[in-house]
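These are the residues of each chain, in order.
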Amino acid sequence: MPNVRDVSAEAFIAAYSSHLKRSGKLEVPTWVDIVKTGSFKELAPYDADWYYVRAAAVARHIYLRKDVGIGALTKLHGGAKRRGNRPSHHADCSASVQRKICQSLEKIGVLEKSDNGGRRISQDGQRDLDRIATAVVEAAQEDEDEEEEEAEEDEE
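Residues numbered from 1 in each chain as written. Predicted model: local features only at pLDDT ≥ 70, side-chain atom pairs only at ≥ 80, totals over all residues. Heavy atoms only, no water.

Trainee: Is there a simple way to explain the overall build of the protein in this structure?
Mentor: When helices and strands are tallied, the protein shows five helices and four strands. Going from N to C terminus, the protein has its helices and strands arranged as α-α-α-β-β-α-β-β-α. Judged by the C-alpha coordinates and their principal axes, the protein covers about 60 × 45 × 30 Å. Counting every position in the protein, which comprises 156 residues, the buried fraction comes to 37%. Across the protein, the fraction of contacts at a sequence separation of at least 24, relative to all contacts at a separation of at least 6, is 61%. Total accessible area computed for the protein in this model is approximately 9800 Å², and 45% of it derives from carbon and sulfur atoms. Positive and negative charge centroids in the protein, built from 23 and 30 side chains respectively, lie 20 Å apart. (Helix = DSSP H or I, 4+ residues; strand = E, 2+ residues; numbered from the N terminus. Buried < 20%, exposed > 50% of the residue type's maximum accessible area, 1.4 Å probe, protein only. Contact = heavy atoms within 4.5 Å. Areas by Shrake-Rupley, 256 points an atom, 1.4 Å probe, with all protein chains shown as cover. Lys, Arg positive; Asp, Glu negative; His and termini not counted. Charge placed at Lys NZ, Arg CZ, Asp CG, Glu CD.)

Trainee: Any chance you could explain the layout of surface pockets here in plain terms?
Mentor: Rolled over the atoms, a probe sized like a water molecule indicates the empty space that remains. Put simply, the largest pocket is a space of about 160 Å³. Together, Tyr-16, His-19, Leu-20, Ser-23, Lys-25, Ile-108, Gly-109, Val-110, Asp-124, Gly-125 and Asp-128 line the largest pocket. Elements with a contribution of two residues or more to the lining of the largest pocket: helix H1 (9-23) and helix H5 (123-155). Per-element tally for the lining of the largest pocket: the top contributor is H1, with four residues. When its residues are assigned to classes, the lining of the largest pocket shows four nonpolar, four polar and three charged. (1 Å grid on protein atoms, 1.4 Å probe; cavity = no way out; pocket = protein on both sides within 12 Å on 5 of 7 lines; lining within 4 Å. Points joined across faces, edges and corners; volume = space filled by probe spheres on them. Nonpolar A, V, L, I, M, F, W, Y, C, P; charged D, E, K, R; others polar.)

Trainee: Before we go on, may I ask you to explain the packing of aromatic side chains in this structure?
Mentor: Here a ring pair, both rings aromatic, is described through the centre-centre distance and the interplanar angle of the planes. If you walk through the whole model with that rule in mind, you get two aromatic pairs. Aromatic pair Trp-50 and Tyr-51: ring centres 5.8 Å apart, planes at 80 degrees, arrangement edge-to-face. Like Tyr-51, Trp-50 is buried. (Phe/Tyr/Trp six-rings, centres within 6.5 Å; stacked < 30°, edge-to-face > 60°.)

Trainee: Looking at this model, I keep getting lost on the nonpolar core. Mind explaining?
Mentor: Generally speaking, nonpolar side chains in soluble globular proteins are found buried as a group. Phe-12, Tyr-16, Leu-105, Val-110 and Leu-129 are the most contacted members of the largest nonpolar core, which totals 33 residues. Secondary structure elements with two or more residues in this core: H1, helix H2 (50-64), helix H3 (70-76), helix H4 (95-107) and H5. Here the element with the most residues in this core is H2; it accounts for eleven residues. Once you skip the residues sitting within four places of it in the chain, Tyr-16 turns out to touch Ala-56, Ala-59, Val-110, Asp-128, Leu-129 and Ile-132. (Core = buried A, V, L, I, M, F, W, Y, C linked by side-chain atoms within 4.5 Å.)

Trainee: For this particular structure, what's the right way to read the packing of H1 against H2?
Mentor: Any two packed helices are characterised by the angle at which their axes cross and by the distance between the axes. Put simply, H1 and H2 touch, their axes get as near as 8 Å, and they point 120 degrees apart. Classified by the angle their axes make, H1 and H2 are oblique. H1 and H2 meet at a crossing whose hand is right-handed. Facing H1, whose interface residues are Ala-9, Phe-12, Ile-13, Tyr-16, Ser-17, Leu-20 and Lys-21, H2 presents Tyr-52, Val-53, Ala-55, Ala-56, Ala-57, Ala-59 and Arg-60. Its residues assigned to classes, the contact of H1 with H2 shows eleven nonpolar, one polar and two charged. (Axes fitted to C-alpha atoms, helices over the stretch in contact; angles between N-to-C directions. Parallel < 35°, antiparallel > 145°, perpendicular 65-115°, else oblique. Left-handed = near helix turned anticlockwise from the far one by under 90°.)

Trainee: What am I meant to see in the pairing of strand S2 (residues 86-91) here?
Mentor: Both strand S1 (residues 79-83) and S2 contribute to a ladder of four bridges, which runs antiparallel. Among the inter-strand pairings, Gly-79 is bridged to a residue of S2, identified as Ala-91. Turn length for the S1-S2 hairpin, with the two strands adjacent in sequence and antiparallel, is two residues, and the turn residue Gly-84 shows positive phi of about 75 degrees. (Pairing = 2+ DSSP bridges.)

That is the geometry; function is a separate question.
Structure (structure tokens):
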């Protein structure tokens, strides 16, 4: 049975974020349409569903590792701080955004606090993410089968 490791990150995050949006369980703060995701950014994200995408990325990242803290997530989603004519340096993203995403995922039972500090994936969360990964693999196989059938029809 395929799990999250067997699926490309892009495909899994897209599928899981749409699942989170469809389910409607994820509690989205009211400020998501106006907040910047980091001090190095100039504008808020253009994508209206960026909170779901970031939550899916955070869930996948924590699934692949054992205990992940907010600081590690801020480094992961950070980027280049442009400093004019001086060289760019790495800047961390907003810790508040990462913390709120982790709290939202905890409320729906995907994450839980770890004894060692940080957060880890819960059993229900792991089952949920594996189910989404399996659906992504099956959808990819169906697409490949359809392409093969079309190729065979074109040859005839």
